[in-house]
Amino acid sequence: MPRILMKGNEAIAEAALRAGATNYFCYPITPQTEVAEYLAHRMPEVGGVFLQAESEIAVGNILFGAASTGKRVFTSSSSPGISLMQEAISYMAGAHLPCVIVNIMRGGPGLGGILPAQSDYFQATKGGGHGDYRLLVLAPSTIQEAVDLTMQAFYLADKYRNPVMVIGDGMIGQMMEPVEFPEKYEEPPLPPKDWACTGARGREPHIIKSLFLDPLALEKNNLLLYQKYEKMKAEEVRFELYKTKTENKILIVSYGTMARICQTAIDELETESISVGLFRPITLFPYPEKELYAEAARKNIKTVLVIEMSIGQMVEDVERVVRGIKPIKFFGRTGGVVPSPEEAKEQIKELLKKEAGTRKRKTRKG
Amino acid sequence: MEDSKIIFSRPTALKPTVTHYCPGCTHGVIHRLVAEVLDELNLREKTLGVAPVGCSVFAYNYINTDFLEAPHGRAPALATGFKRLRPDMIVFTYQGDGDLASIGMGEIVHAANRGEKFTVIFVNNGIYGMTGGQMAPTTLEGQITTTSPKGRNVAEVGMPIRICELLSSLVTPAYLERVAVHTPQHIIRAKRAVRKAFTYQTQNRCFSLVEFLSTCPTNWGLTPGESVRWVEENTLKYYPLGCFKDPDKEVKTDGTV
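The rules behind each value
Residues numbered from 1 in each chain as written. Chains lettered and ligands numbered in written order. Predicted model: local features only at pLDDT ≥ 70, side-chain atom pairs only at ≥ 80, totals over all residues. Heavy atoms only, no water. Contact = heavy atoms within 4.5 Å. Buried area = accessible area lost by both parts, 1.4 Å probe. Salt bridge = Lys/Arg side-chain N within 4 Å of Asp/Glu carboxyl O. Helix = DSSP H or I, 4+ residues; strand = E, 2+ residues; numbered from the N terminus. Core = buried A, V, L, I, M, F, W, Y, C linked by side-chain atoms within 4.5 Å. Buried < 20%, exposed > 50% of the residue type's maximum accessible area, 1.4 Å probe, protein only. Domains from an automatic or database assignment. Polar contact = N/O pair within 3.5 Å; in protein donor to acceptor, adjacent residues only side chain to side chain. Pairing = 2+ DSSP bridges. Axes fitted to C-alpha atoms, helices over the stretch in contact; angles between N-to-C directions. Nonpolar A, V, L, I, M, F, W, Y, C, P; charged D, E, K, R; others polar.

A. Here's a closer look at the interface of chain B and chain A. Residue-level contacts link 33 residues of chain B with 36 residues of chain A. Contact between chain B and chain A buries roughly 2700 Å² in total, counting both sides, with carbon and sulfur atoms accounting for 62%. Interface area lost by chain B to chain A is led by B:D66, B:E69 and B:L85, which between them contribute 24%. Taken together, chain B and chain A are joined by 4 salt bridges. Listed by contribution, the elements that provide at least two residues to the side of chain B that touches chain A are β1 (47-51), β2 (66-69), α2 (75-85) and α4 (105-114) of chain B. Ranked by residue count, the leading element in the side of chain B that touches chain A is α2(B), at 7 residues.

Below is the structure:
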């Protein structure tokens, strides 16, 4: 396939369709409405189902009903809309239903703004809806990666019978970049969907539900969910290292397009003979715990610097993972303000200056 | 015995089990009517039910088809998603008045207006049963409930909502009928409406909803016999029976057919 220039939202839509989701239910919200506009004409071309519903509450629940057929289903929205879908997401997790939900994040809380943010990290990774459940959360940093992860999200949703969220800040939706779709989409074999509702012909009825009035039965269901999350931790962790070298004193931790801004800062600092590395989580749940710990634990690393488009959310996971073995600094802008490479560089230089000062003092004392 | 034949039996669409419903509650009768129609139209094996939140959340323990259990009020959204992907199957929701007329008002109105091709079995007993007798949007004026201990004050909370009348104002074609099941005659008429609703669905004609005026002796604080009289003397006066919309009949500007 040739590389084509596409807007993130449209590329995500096309990726979902090529991964086998020939249906889409939606409600308009900036900055991801192009997914709907693209699929409004694309779905009929492939004989698929396109439906604009009355609210995100309805969309989430329409997705619930659609997922029960066993077909691949997905929707997309942005932060306030994703909040409204939390009811259905919790129910789908409880009922072991696969689906893919794309969140192109905007600034919050409340109606917030329409500019890029990463302030739904807690909502995506720590629950969002009620109950003991998790989503598998994928965070692309380029449009190509958004395409690849969106397609893989359907496989992962089916593998675990669990909702999967693809989470990108507004730039992932709005940016245009060259993308390539695989000639033929292939994935490992999956078990048959023998749980789907297809009509009780020659078998006992299938009942898809999340109500267990007996606490022991509910606990049993929750333990089944827990086993899936443990399996995700063992098999699905993804991350990327950028220019992590033995002479680096600072390890940056950042995800999504924020990580790319950090890469620009890192490249520019390189021309000033300053070497800094980046750890980029790709799965936000399961979080790359062991891998980040190992990188932070390296002798040469003096400080871990977390940079986010939020007032500090993922930093709590970094603190949890690094467990106090290295000091952690946080820098973030919030409300739709995107930290610039200059700001990132400034943070890094300041840390290095402090670090040099501390070393001097230590040497003098010694 | 050779000449004998079975003229009455449990429908195959009804599981051979005892229900959890209270004495005098009409859910059992309504379940049976749905099951009989599914059998008669030979639909059971390609039917999906969507259960609500409320007393009838356990409808899947009694009606012998595939089932989804919806969040409170969202059954029409689940039914929409399922039916849009499986138009070859028969889909019905089974919803109470708290579920459909209160928390699920948005979902039912929009599903009806889109003309979704599924059937709604709407059971209106004017009260929240499962949570123990609270006021519903359908509770009659002056009716005592645990959250309207002095009777429904319509100056504060408005008049009871008439769902069939409300939905009949939508221009999209639909089949809407209100029935009762407190006497054998009413049950026979109610079954005709259920059969019509499912028949329209098999023909892919329109959205269909049958509203059942039901009872709740436990939370009304009445005996089963008194509950039947309550329906006769109170419920029927505010909620007139009849067909409010039919795709075969012209809709008049005043909303009647």
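B. Geometry of the nonpolar core. In terms of nonpolar packing, the biggest core is built from 125 residues, with A:F74, B:F207 and B:L209 touching the most fellow members. Ranked by residue count, the leading element in this core is helix α6 (residues 143-160) of chain A, at 11 residues. When residues of this core are assigned to domains, at least three map to each of domain 1 (4-187 + 209-235) and domain 2 (239-365) of chain A. Formed by 36 residues, the second largest nonpolar core is a distinct cluster that contains B:L43, B:A51, B:A59 and B:Y175.

C. Spatial organisation of the side chain of B:T138. Residues and elements named next belong to chain B. In this fold, T138 is placed in the loop between β6 (134-135) and α5 (154-157). Residue T138 is classed as buried on the basis of its relative accessible area, which comes to 1%. A distance of 2.4 Å separates polar atoms of two side chains, one belonging to T138 and the other to D97. Setting aside anything within four residues of it in sequence, one finds T138 in contact with D97, A101, N124, G126, I127, R152, P160, I161 and Y239.

D. Expanded view of the sheet that holds β2(B). An order of β9(A)-β2(B)-β1(B)-β3(B)-β4(B)-β8(B)-β7(B)-β9(B) is seen for the 8 strands of this open sheet, with the pairing classed as mixed. The sheet terminates laterally at β9 (207-208) of chain A together with β9 (242-245) of chain B, the two strands that pair on one side only. Of the strand pairs in this sheet, strand β3 (residues 90-96) of chain B and strand β4 (residues 119-124) of chain B are connected by 5 bridges, and their pairing is parallel. Bridging across to β4(B), B:F92 finds its partner in B:T119. Along the sheet, α2(B) makes contact with β1, β2 and β3 of chain B, crossing β3(B) at roughly 175 degrees.

E. Region of the structure containing the packing of α2(B) against α4(B). Residue and element names in this part refer to chain B. Their axes nearest at 8 Å, the elements α2 and α4 cross at an angle of 35 degrees. On α4, the residues that touch P76, A77, T80 and R84 of α2 are E107, I108, A111 and R114. Looking at the contact of α2 with α4 residue by residue, the classes come out as 4 nonpolar, 1 polar and 3 charged.

F. Inspection of the domain arrangement of chain A at higher detail. Residue and element names in this part refer to chain A. Taken domain by domain, chain A comprises domain 1 (4-187 + 209-235) and domain 2 (239-365). Placing the centre of domain 1 and that of domain 2 at their C-alpha centroids yields a distance of 29 Å. Across the boundary between the two partners, domain 1 contributes 32 residues, which contact 26 residues of domain 2. Between domain 1 and domain 2 lies a buried interface of about 2400 Å² when both sides are counted; carbon and sulfur atoms form 58% of it. Counting every contact that joins domain 1 to domain 2 gives 3 salt bridges. Close ionic contact of D317 with K126 constitutes a salt bridge, the shortest N to O distance being 2.6 Å.

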